[in-house]
Amino acid sequence: VQLQASGGGLVQAGDSLRLSCSASGRTFSGYSVGWFRQAPGKEREFVSASRWNGGHTYYADPVKGRFTISRDNAKNMVYLQMNSLKPEDTAVYYCAASRSLILSETRRASGYNFWGQGTQVTVSS
């Protein structure tokens with residue numbers, strides 16, 4: 001499956017953005033999908049994930065209560081709604097997918113087989 005992330009941009013602190021991740025080649029149905037981010041000079045870190053059946057979602061502590069992951073399998077889309085953005089949210093955001101994500105690997109980049117190119121999110125103070 002090929003993934004394409006979009007929706008990034010330059011916003012001010014407190015603003016909102018919605019990132020989109022589209023899939024081509026295969027349907028998202030049956031795939032667990034995650035969002036990760038990488039700031040300059042830092043390692044890639046987990047942001048959020050949605051298990052393949054959409055029944056369970058996961059968030060990193062820094063984004064809990066501000067970000068929401070959702071998916072529309074019919075449209076082959078996964079979204080990350082980001083509210084109350086902070087300068088520390090500035091990073092390149094990546095979407096990733098796995099058909100066989102082990103629960104214990106949900107928050108680890110190594111658990112995902114497919115990655116899209118990143119989309120830059122810059123939050124100014």
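We now turn to the structure provided with this report. (Residues numbered from 1 in each chain as written. Predicted model: local features only at pLDDT ≥ 70, side-chain atom pairs only at ≥ 80, totals over all residues. Heavy atoms only, no water.)

**Observations regarding the nonpolar core**
If you look at the biggest cluster of nonpolar residues, it comprises 36 residues, and the most contacted ones within it are Leu3, Phe28, Trp35, Phe67, Leu80, Met82 and Tyr93. At five residues, the largest contribution of residues to this core is made by strand E9 (residues 91-98). (Core = buried A, V, L, I, M, F, W, Y, C linked by side-chain atoms within 4.5 Å. Buried < 20%, exposed > 50% of the residue type's maximum accessible area, 1.4 Å probe, protein only. Helix = DSSP H or I, 4+ residues; strand = E, 2+ residues; numbered from the N terminus.)

**A short note on the environment of Asn83**
Mapping Asn83 onto the fold places it in the loop between strand E8 (77-82) and E9. Separated by 20 residues in sequence, Asn83 and Val63 place their C-alpha atoms 9.1 Å apart. Residue contacts for Asn83: discarding those within four places in its chain leaves Asp15, Ser16, Arg66 and Phe67. At 2.9 Å, the side chain of Asn83 forms a polar contact with the side chain of Ser16. (Contact = heavy atoms within 4.5 Å. Polar contact = N/O pair within 3.5 Å; in protein donor to acceptor, adjacent residues only side chain to side chain.)

**Structural notes on the state of the cysteines**
One pass over the full model with this rule turns up one disulfide. Between the sulfur of Cys21 and that of Cys95 lies a disulfide, 2.2 Å long from S to S. Across the S-S bond of Cys21 and Cys95 the torsion is about 70 degrees, and the bridge reads as right-handed. On the criterion of sequence distance, the pair formed by Cys21 in strand E3 (residues 17-24) and Cys95 in strand E9 is long-range, its members being 74 residues apart. Residue classification places Cys95 among the buried positions, given a relative accessible area of 0%. (Disulfide = S-S within 2.5 Å.)

**What about the packing of aromatic side chains?**
Scanning all chains against the criterion turns up five aromatic pairs. Ring geometry for Phe36 and Tyr112: centres 5.3 Å apart, planes at 80 degrees, overall edge-to-face. Taken together, the positions of Phe36 in strand E4 (residues 32-38) and Tyr112 in the loop between E9 and strand E10 (114-115) put the pair 76 residues apart, joining distant regions of the chain. Assessed through its relative accessible area of 1%, Phe36 is described here as buried. For the pair Phe36 and Trp115, a centre-to-centre distance of 5.2 Å together with 50 degrees between the ring planes defines the contact as tilted. Here Trp115 lies in strand E10 and Phe36 lies in strand E4, a separation of 79 residues in the sequence. On the accessibility criterion, Trp115 (28% relative accessible area) is partly exposed. Over the face of the ring belonging to Tyr79 we find Arg18, whose NZ or CZ atom lies 4.1 Å from the ring centre. The ring of Tyr94 carries the charged tip of Arg44 above its face, separated from the ring centre by 3.9 Å. (Phe/Tyr/Trp six-rings, centres within 6.5 Å; stacked < 30°, edge-to-face > 60°. Lys NZ or Arg CZ within 6 Å of the ring centre and 35° of its normal.)

**Quick notes on the side chain of Thr119**
The residue Thr119 is located in strand E11 (residues 119-124) in this model. Only 3.0 Å separates the side chain of Thr119 from the backbone nitrogen of Gly8, close enough to count as a polar contact. Those residues within four positions of Thr119 in sequence are excluded, and the remaining contacts are Ala5, Ser6, Gly7, Gly8, Leu19, Ala91, Val92 and Tyr93.

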